[in-house]
Amino acid sequence: MPCKLLNLCEYETHKLVRIQSVRLGSLKWTFNGVILMFVCIVMFWNKEYQEHDYVVSSVTAKVKGVAMTSLPDVGDIVWDVVDYSGPSQGKNSFFVVTNVIVTKNQRQGKCPEVPPYGKVCWTDKDCVKGFWDQNSHGVQTGACVKFDVTQKTCEVSTWCPIETKKKPPKPALLASAENFTVLIKNNIRFPNFNFIRRNILPEMTDNYLKHCQFNRRTDPWCPIFRLGDIVQEARENFSEMAVEGGVIGIQIKWDCNLDGFLRNCLPKYSFRRLDEKESNRTLYPGLNFRFARYQTEKGVAERTLFKAFGIRFDVMVFGKAGKFSIIQLIIYIGSTLSYYALTTLFIDWLIGTSCFSKEARQNYSEKKIESVQDRTQCILCVSFVDENHIRVVKRSHRKSLQQVKPMSVHPFKDDIRHLSAMAGVLQKGHIIDKQPQALPRPSRPAWCLCGCCLPSTHPQEQLCCRMSRGHCITTSSLFEQLVLSRPLLEAVLLYREPLCELTEGEQWTTALRHCAYIQYITWRIGAPPRESLPVMPSCSVWRIREEYSSQDGEYTSMRPSRTTSPQSSPNTYL
């Protein structure tokens, strides 16, 4: 279609086919109802009608508790929050010491390196002065000294005596840390809604916070947690975990609904272990670090070295808030309209199955699907007098139309008008009893089987009225009555144009000739298959031209032309 400015003002819509069927109609509304129910359930369950915003938060933690341990060669030590909290573990994390290895009274000096980190030696030549590596406890002096009664190691300059104990004590020295408590303060904000809240809820009082403790069943919103309960919620055993340490995650989830009377914004706590305790059992299990306490003894600096094992708690905050938005509702409704196409797809599939008869399926397919043929590959339909069906063929530029194999075969559809015309002829006494008379042409082409066709150089014009040898249809008296009868043709033309003048002349002869073409097509082909062009045989075309000849002897070759017969295709080869 050519691009024109007026094309912008045109509107196009889809063609619909309405099937009058109670069964299909009920099935359609049932499926549509199920889809509507599904869409509504998903909309309310996932709050698809809301605009959402994600949480921005900050976390602080405050641990409380006191424990006493009895350490070998050290005595009783009281551990308060300063002792067992350890150094800062990063943002939103806190650490609690649960076990220790103590090496006391270390001084700067020289002592043998501890195997396996120290190199076993035999003489001083085996040791390199100033050498160290990442596993060394100090810098080698170059001397080979006795480590114990069985072996010697290289001497190093370091804090002596060197820590020799590797495995932490069992049970853990600070196992009572499971009774410590931690207050977690979480402040959140949803910027898009300018909404601020914290996990210490407005209705909580100072007296309540002094006595409450988190319990998933009885007090699920208390911000004070017992460490043993946290580990138990993570499905771990505190006594076992306290020996080597580990990492526990405290997850705070905010799922807030900010819609009017449905407003709800409360934290939900969950806990899980973050480090792998099984796969890393032999590869640096648990969590530990070292720290020292320094003192001066007789003017000499000393320290007590602690290798601390403990549990790190990482607080992770997740959250999303939703608030009604008409824009989000419209977007959701628009995105779900496509689900209704499933009903059409299912019913179309159902009609195409054996649930419906072959006739019903074919009728529905013909009504729904309108085939449009490519004009560069013109589809033609032909009829032979010795066959009771119509052939649909593709036009060939090399083969004669007589020899082209059919693409499909369709039953002939009788034309009611021609049957009425036949009855009219019989009622007037024109009984057709004339025997066919052969009128052979002097130069019959090879593709002609009736003997009345004329040669042609165009393959689409090389068509006979028969598929086997026999009498030509133009010799039939019915051909004379229905196609060539001048009174009948004039009556047809007057029927179409009641005020036309019956005057002799070239224009009137041309009109009669074209009307005869249409009469033959309607008689022998009737209503051609959709998008196909009916073609007349050469013998019939030339017989009509002989009866209603052109004065100059020039005729239009076979071309698409509009006919006015309502029963014939709008495109006909003349």
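Residues numbered from 1 in each chain as written. Predicted model: local features only at pLDDT ≥ 70, side-chain atom pairs only at ≥ 80, totals over all residues. Heavy atoms only, no water.

Quoted verbatim from the Function (unreviewed entry) heading of the UniProt record, the comment on the protein is "Receptor for ATP that acts as a ligand-gated ion channel." Among the UniProt annotations of the protein, the heading Catalytic activity (unreviewed entry) holds the following wording: "Ca(2+)(in) = Ca(2+)(out)". (UniProt positions renumbered as here; feature names shortened; annotations may be inferred.)

1. Some details on the pattern of salt bridges
Pairing between side chains of opposite charge can happen when the charged atoms of each approach one another. Counted according to the given criterion, the structure contains 13 salt bridges. Two residues, Arg 107 and Glu 302, come together in a salt bridge whose shortest N-O distance is 2.4 Å. Of this pair, Arg 107 sits in strand β5 (residues 93-112) while Glu 302 sits in strand β14 (residues 300-324), and the two are 195 residues apart along the sequence. Here Arg 273 ties to Glu 236 by a salt bridge, and the two come within 3.5 Å at their closest N and O atoms. Within this pair, whereas Arg 273 is found in strand β12 (residues 267-273), its partner Glu 236 is found in the loop between α4 (227-233) and α5 (238-244), the two being separated by 37 residues in sequence. Taken together, the shared-partner salt bridges connect Glu 178, Arg 226 and Asp 229 into one network. (Salt bridge = Lys/Arg side-chain N within 4 Å of Asp/Glu carboxyl O. Helix = DSSP H or I, 4+ residues; strand = E, 2+ residues; numbered from the N terminus.)

2. With respect to unusual backbone geometry
Generally, phi is negative for residues other than glycine and the peptide bonds are trans, each holding for most cases. Omega for the peptide link from Cys 160 to Pro 161 comes to 0°, which places this bond in the cis form. Within the secondary structure layout, Pro 161 lies in the loop between β7 (152-160) and β8 (181-190). Along the chain, Lys 170 connects to Pro 171 via a cis peptide bond; the corresponding omega equals -5°. By secondary structure assignment, the location of Pro 171 is in the loop between β7 and β8. Although it is not a glycine, Asn 92 sits at a positive phi angle of roughly 60°. By the secondary structure assignment, Asn 92 is in the loop between α2 (81-84) and β5.

3. Some details on the state of the cysteines
By the definition in use, this model includes five disulfides. In this model Cys 212 forms its disulfide with Cys 222; the gap between the sulfur atoms is 2.0 Å. Residues Cys 212 and Cys 222 are joined through a disulfide that is right-handed, its torsion about the S-S bond being 65°. One end of the pair, Cys 212, is in the loop between α3 (206-211) and β10 (224-226); the other, Cys 222, is in the loop between α3 and β10, and 10 residues separate them in sequence. In this pair, the class of Cys 212 matches that of Cys 222, namely buried. Each bonded cysteine in the protein gets a number by its place in the sequence, and the pairs come out as 1-6, 2-4, 3-5, 7-8, 9-10. (Disulfide = S-S within 2.5 Å. Buried < 20%, exposed > 50% of the residue type's maximum accessible area, 1.4 Å probe, protein only.)

4. Structural notes on the nonpolar core
The biggest cluster of nonpolar side chains holds 50 residues, and the ones touching the most others in it are Phe 94, Val 96, Phe 190, Leu 227, Ile 230 and Phe 313. Broken down by element, this core gets its largest block of residues, seven residues, from β14. Ignoring any residue separated from it by four or fewer positions in sequence, one finds Phe 313 in contact with Asn 92, Ser 93, Phe 94, Val 96, Leu 227, Ile 230, Ile 248 and Ile 250. (Core = buried A, V, L, I, M, F, W, Y, C linked by side-chain atoms within 4.5 Å. Contact = heavy atoms within 4.5 Å.)

5. Focus on the sheet that holds strand β18 (residues 533-534)
Strands sit in the order β17-β16-β15-β18 across an open sheet of four strands; the sheet is mixed. Of all the strands in the sheet, the pair left with one neighbour each is β17 (408-411) and β18. With five bridges connecting them, strand β15 (residues 379-383) and strand β16 (residues 389-394) associate as antiparallel partners. Within the sheet, the bridge partner assigned to Ser 383 lies in β16 and is Ile 390. (Pairing = 2+ DSSP bridges.)

6. Points about the side chain of Gln 462
Mapping Gln 462 onto the fold places it in the loop between α9 (416-427) and α10 (477-484). At 2.8 Å, the side chain of Gln 462 and the backbone oxygen of Ser 456 are in polar contact. Ignoring any residue separated from it by four or fewer positions in sequence, one finds Gln 462 in contact with Ser 400, Leu 401, Gln 402, Trp 447, Ser 456 and Thr 457. (Polar contact = N/O pair within 3.5 Å; in protein donor to acceptor, adjacent residues only side chain to side chain.)

7. What to know about the pairing of β5
As paired elements, β5 and β14 share 11 bridges and run antiparallel to each other. Residue pairing in the sheet places Val 96 in a bridge with Ile 311 of β14. One ladder, built from six bridges, connects β5 with β7; its direction is antiparallel. Paired with Pro 112 across the two strands is Glu 155, which belongs to β7.

8. Section: the environment of Trp 79
Among the structural elements, Trp 79 can be located in strand β4 (residues 75-79). Classification of Trp 79 by relative accessible area gives buried; the value is 0%. Sequence-wise, Trp 79 and Thr 69 are 10 residues apart; in three dimensions their C-alpha atoms are separated by 7.7 Å. If we skip the residues at most four places from it in the chain, Trp 79 touches Gly 65, Val 66, Ala 67, Thr 69, Tyr 84, Val 100, Leu 174, Phe 291 and Phe 306.

9. Concerning the environment of Trp 221
By the element assignment, Trp 221 lies in the loop between α3 and β10. Sequence separation between Trp 221 and Tyr 269 is 48 residues, and the spatial gap between their C-alpha atoms is 8.2 Å. If we ignore the near neighbours within four places in the chain, the residues touching Trp 221 are Asn 199, Leu 201, Met 204, Leu 266, Pro 267 and Tyr 269. From its side chain, Trp 221 meets the backbone oxygen of Pro 267 in a polar contact 3.3 Å long.

10. Some thoughts on the packing of helix α12 (residues 506-524) against helix α13 (residues 538-547)
One way to put it is that α12 packs onto α13 with a least axis distance of 10 Å and a crossing angle of 150°. The handedness of the crossing between α12 and α13 is right-handed. Here α12 contributes Arg 513, Ala 516, Tyr 517 and Tyr 520 to the contact with α13, which in turn contributes Ser 540, Val 541, Ile 544 and Arg 545. For the contact of α12 with α13, the class distribution of residues is five nonpolar, one polar and two charged. (Axes fitted to C-alpha atoms, helices over the stretch in contact; angles between N-to-C directions. Left-handed = near helix turned anticlockwise from the far one by under 90°. Nonpolar A, V, L, I, M, F, W, Y, C, P; charged D, E, K, R; others polar.)

11. Here's the deal with a nonpolar patch on the surface
Together, Phe 324, Ile 326, Ile 327, Ile 330 and Ile 331 make up an exposed nonpolar region whose accessible area comes to about 520 Å². Top element by residues in the nonpolar patch is helix α6 (residues 326-336). It accounts for four residues. The residue Ile 330 is located in helix α6 in this model. Relative accessible area serves as the criterion here: at 55%, Ile 330 is assigned to the exposed category. (Patch = residues over 30% accessible without salt bridge, like charges linked within 9 Å, V, L, I, M, F, W, Y side chains within 5 Å. Areas by Shrake-Rupley, 256 points an atom, 1.4 Å probe, with all protein chains shown as cover.)

12. Remarks on the side chain of Arg 391
Relative to the helices and strands, Arg 391 is located in strand β16. Of the polar contacts made by the side chain of Arg 391, one reaches the side chain of Glu 387; its length is 2.8 Å.

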